[in-house]
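Spelled out from the first residue to the last, the chains are:
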Amino acid sequence: MEKQDIGGDNTSSKVLKVEHKDQWDSFLNTSNSENRPVVAHFGASWCIPSVAMISFFEDIAITHSDVLFLSIDVDDVKEVASEMEVTAMPTFVLIKDSKAVDKLVGANPEEIRKRIDAFLQSTGVDMA
């Protein structure tokens, strides 16, 4: 399991990079069994806004250890991007019990943080 983000090479990352569909399914199954919410960042290495969001996404992941943060390059894992109906990058999908409960398209850190915080409050996760 590689700990990298889109276009990144930080091996101490709290964001896990999804490299294939089976790994995605495994992460979702694990999050379900642990009753752990998931925040997924769909992007592409060639998409400047996606790349620009990497450090922001990592910062949020560091402050929320009870949440599974995943990074998906849409070019590498097209099946997952299609399944989650991702049509633009970056897209952030908030997932509980393997179901998308919120989706935000675009590189808007303030709105992303607000939506993630509201999502985590609704799932009962302790806020940092």
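Model, not experiment: these values are computed from the prediction.

Applying the stated rule across the entire model yields 3 aromatic pairs. Ring centres of Phe57 and Phe69 lie 5.3 Å apart, and the angle between their planes is 75°; on these two criteria the pair is classed as edge-to-face. Taken together, the residues Phe57 in helix α3 (residues 54-63) and Phe69 in strand β3 (residues 68-73) connect sequence positions 12 residues apart. This pair shows no difference in class: Phe57 is buried, exactly as Phe69 is. By way of ring pairs, the aromatic residues Phe57, Phe69 and Phe92 are connected into one cluster.

Right, let's talk about unusual backbone geometry for a bit. Excluding glycine, most residues fall at negative phi; most peptide bonds, likewise, are trans. Look at the link from Met89 to Pro90: it is a cis peptide, with omega at -5°. Among the secondary structure elements, Pro90 is positioned in the loop between α4 (78-83) and β4 (91-96). Backbone geometry at Asn35 places phi at a positive 50°, although glycine is not the residue there. Within the secondary structure, Asn35 sits in the loop between α1 (21-33) and β2 (38-43). We note that Asp97 has phi near 55°; this positive angle belongs to a residue other than glycine. With respect to the secondary-structure elements, Asp97 resides in the loop between β4 and β5 (99-105). The class of Asp97 is partly exposed, set by a relative accessible area of 43%.

A word on the environment of Gly106. Among the structural elements, Gly106 can be located in the loop between β5 and α5 (109-123). Along the primary structure Gly106 and Thr91 are separated by 15 residues, whereas in three dimensions their C-alpha atoms are 6.1 Å apart. Apart from the residues lying within four places of it in its own chain, the contact partners of Gly106 are Pro90, Phe92 and Ile112.

Conventions we followed
- Residues numbered from 1 in each chain as written.
- Predicted model: local features only at pLDDT ≥ 70, side-chain atom pairs only at ≥ 80, totals over all residues.
- Heavy atoms only, no water.
- Phe/Tyr/Trp six-rings, centres within 6.5 Å; stacked < 30°, edge-to-face > 60°.
- Helix = DSSP H or I, 4+ residues; strand = E, 2+ residues; numbered from the N terminus.
- Buried < 20%, exposed > 50% of the residue type's maximum accessible area, 1.4 Å probe, protein only.
- Contact = heavy atoms within 4.5 Å.

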